[in-house]
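Below are the chains, spelled out letter by letter.
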Amino acid sequence: METLAPGTVECDLPAQSAVGLTPVAQAWTQVPEPLQAAQKAALVERIRELLRRERAVLVAHYYVDADLQELAEATGGCVGDSLEMARFGRDHPADTLVVAGVRFMGETAKILSPRKRILMPDLEATCSLDLGCSPDAFSAWCDAHPGRTVVVYANTSAAVKARADWVVTSSIALDVVADLHARGERILWAPDRHLGDYVQRQTGADMLLWQGACIVHDEFKGTELELLRTDYPQAKVLAHPESPQPVLAQADVIGSTTQLIDAARKLDAASFIVATDQGILYKMREAAPGKTFIAAPTAGNSATCKSCAHCPWMAMNALSNLADVLEHGRNAITLDPELGRLAKKPIDRMLAFADERKQRVRASGDMARDTTLYANVGPA
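What comes next concerns the included structure. This is a predicted model, so every value here is computed, not measured.

So, the overall build of the protein chain
Assigned secondary structure in the protein chain consists of 17 helices and 12 strands. The 380 residues of the protein chain split such that 53% are buried. Pairs at least 24 residues apart make up 64% of the contacts formed inside the protein chain by residues separated by at least 6 positions. Carbon and sulfur atoms provide 50% of the accessible area of the protein chain, an area that totals close to 16,400 Å².

This is the structure:
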């Protein structure tokens, strides 16, 4: 496999903000202060009222605070991955969609629901994969390789999506690339190098990889995971494919957020080591009560924090700023209509592929065979 970096592609750009902080450090300074129980209760009740008043629905990603996930479910909203959130919002009759997540998720919701008002608790909540794949640099890279099919991960800006042939999520990336490979197409992949490497290893496709990474998953350590497994020899390892290969090599299940939650519920195991953002543990514990979930290590024993897997930009979403945007109508996602139209094409292509694949798969009645058939079919 050839990997190609267009110049120096960092996952954490720019190096410093206007106040001299890296984007990660800046994000942590913008995380709202924790609330007391009484404050939480009052805000939850206020948000319920505001959702009704604004004819709004709340959609929350698996990685945001458990309070937001719980509230989304309790008010008829959705907790899911980025595409599940956007599809739910598109199909819901609400006039306003409030997206608790990071900016590309709000943009994706706007792409699929251009006539709806899309609000976010904090518009500065971004993603290292998005930051490290600027539209101009990405477009120049594409221009340098005109004979390749451009496949981008959902964790990208609308402008990057608009330049792509395909948008994929982690649950369908293998299927899409395998199909393209079978047709003899060569792939230009962006932005996550670990997910791209995993897809290439599984499919054998000819892929050039952009060298981006998620700051959370990139920190998981294969050696430390191996040591942790000696402490929990019966535990199954669940890993998101944005993790480095030494971690994936030890995983019992590799999959998207939704697929990992399903595995936690279905597998006959009492304990799991989880290599993804710790925000997912809320849904895992809800889906599999009585089971034990251990956060995979991101550092060694001497570190202040041994398992620190939480996205600072996801942490910027809170009850307090959620109430504020609903109260005042702030932080609306705006998108140039033509850009939205162009970005929607590769998303629609993925959705059509997912629908067609589901129609092609038919149960045979042989459970062993059917389990294999459905192994890689997850939410689009």
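Concerning the state of the cysteines
Enumeration according to the criterion identifies 0 disulfides in this entry. Between Cys142, a free cysteine, and Cys133, which holds the nearest cysteine sulfur, the sulfur-to-sulfur gap is 8.1 Å. Cys214 carries a free sulfur, and the closest cysteine sulfur to it, the one in Cys127, is 6.3 Å from it.

Re the nonpolar core
Of all hydrophobic cores here, the largest spans 120 residues; its most connected members are Val99, Phe138, Trp189, Met284, Trp313 and Leu322. Sort the elements by how many residues they give to this core and helix H16 (residues 337-360) lands first, with 6 residues. With near-sequence residues (within four places) excluded, Phe138 lies in contact with Cys133, Val150, Val152, Val160, Arg163, Ala190 and Trp210.

Section: the sheet that holds strand S12 (residues 292-295)
Across the sheet, which stays open at both edges, the 4 strands sit in the order S10-S9-S11-S12 with parallel pairing between neighbours. The open sheet is flanked by strand S10 (253-254) and S12, the only strands paired with a single partner. Pairing between strand S9 (residues 236-239) and S10: 2 bridges, direction parallel. If you follow Ala239 over to S10, its bridge partner there is Ile254. Where helix H11 (residues 222-231) meets the sheet, its contacts fall on S9, strand S11 (271-275) and S12, and the angle it forms with S11 comes to roughly 170°.

Let's talk about the packing of helix H9 (residues 173-182) against helix H10 (residues 193-203)
Relative to each other, H9 and H10 sit at 50°, their axes nearing to 10 Å. Between H9 and H10, the angle falls in the class oblique. Crossing hand, H9 versus H10: right-handed. Contacts from Ala173, Leu174, Val177, Ala178 and His181 in H9 reach Tyr198, Val199, Gln202 and Thr203 in H10.

Description of the side chain of Ser113
Turning to its location among the elements, Ser113 is positioned in the loop between helix H5 (103-112) and strand S4 (117-119). For Ser113, a relative accessible area of 4% translates into the label buried. With sequence-adjacent residues up to four places away left out, Ser113 is seen in contact with Gly89, Arg90 and Ile118.

Overview of the pairing of S9
Pairing between S9 and S11: 4 bridges, direction parallel. Across the sheet, the residue bridging to Leu238 is Val274, located in S11.

Overview of the packing of helix H2 (residues 37-53) against helix H15 (residues 319-328)
Running from amino to carboxyl end, H2 crosses H15 at an angle of 30°, the nearest separation of the two axes being 9 Å. The pairing of H2 with H15 is recorded here as roughly parallel in orientation. Crossing geometry of H2 relative to H15 is assigned as left-handed. Contacts between H2 and H15 involve Lys40, Leu43, Val44, Arg46, Ile47, Leu50, Leu51 and Arg53 from the first element and Leu319, Ser320, Leu322, Ala323, Leu326 and Glu327 from the second. For the contact of H2 with H15, the per-class residue count stands at 9 nonpolar, 1 polar and 4 charged.

Structural notes on the environment of Ala318
Looking at where Ala318 falls in the secondary structure, it is placed in the loop between S12 and H15. Sequence separation of Ala318 and Pro34 is 284 residues, and the distance between their C-alpha atoms is 8.9 Å. Apart from the residues lying within four places of it in its own chain, the contact partners of Ala318 are Pro32 and Leu68.

Notes on the pattern of salt bridges
All chains considered together, the criterion is met by 23 salt bridges. Linking Glu185 and Arg183 is a salt bridge whose minimum nitrogen-to-oxygen distance equals 2.9 Å. Taking relative accessible area as the criterion, Arg183 reaches 49% and is therefore assigned partly exposed. Across the salt bridge formed by Arg265 and Asp262, the nearest N and O atoms sit 3.0 Å from each other.

Observations concerning helix H13 (residues 257-266)
Residues spaced three or four apart along an α-helix point in a common direction, a consequence of the helix completing one turn every 3.6 residues. With 7 of its 10 residues buried, H13 lies for the most part within the structure. Inspection of H13 places Thr257, Thr258, Gln259, Leu260, Ile261, Ala263 and Ala264 among the buried residues, and these make up the whole buried set. Buried residues along H13 sit against helix H4 (82-91), S9, S10, S11, helix H14 (281-287) and S12.

Here's the deal with the sheet that holds strand S3 (residues 96-100)
Strands sit in the order S2-S1-S3-S4 across an open sheet of 4 strands; the sheet is parallel. The strands lining the two open edges of the sheet, one partner per strand, are strand S2 (78-80) and S4. For this sheet the average axis-to-axis angle between neighbouring strands, irrespective of direction, equals 20°. Here strand S1 (residues 56-61) runs beside S3; their pairing, made up of 5 bridges, is parallel.

Reading guide: rules and limits
Residues numbered from 1 in each chain as written. Predicted model: local features only at pLDDT ≥ 70, side-chain atom pairs only at ≥ 80, totals over all residues. Heavy atoms only, no water. Helix = DSSP H or I, 4+ residues; strand = E, 2+ residues; numbered from the N terminus. Buried < 20%, exposed > 50% of the residue type's maximum accessible area, 1.4 Å probe, protein only. Contact = heavy atoms within 4.5 Å. Areas by Shrake-Rupley, 256 points an atom, 1.4 Å probe, with all protein chains shown as cover. Disulfide = S-S within 2.5 Å. Core = buried A, V, L, I, M, F, W, Y, C linked by side-chain atoms within 4.5 Å. Pairing = 2+ DSSP bridges. Axes fitted to C-alpha atoms, helices over the stretch in contact; angles between N-to-C directions. Parallel < 35°, antiparallel > 145°, perpendicular 65-115°, else oblique. Left-handed = near helix turned anticlockwise from the far one by under 90°. Nonpolar A, V, L, I, M, F, W, Y, C, P; charged D, E, K, R; others polar. Salt bridge = Lys/Arg side-chain N within 4 Å of Asp/Glu carboxyl O.

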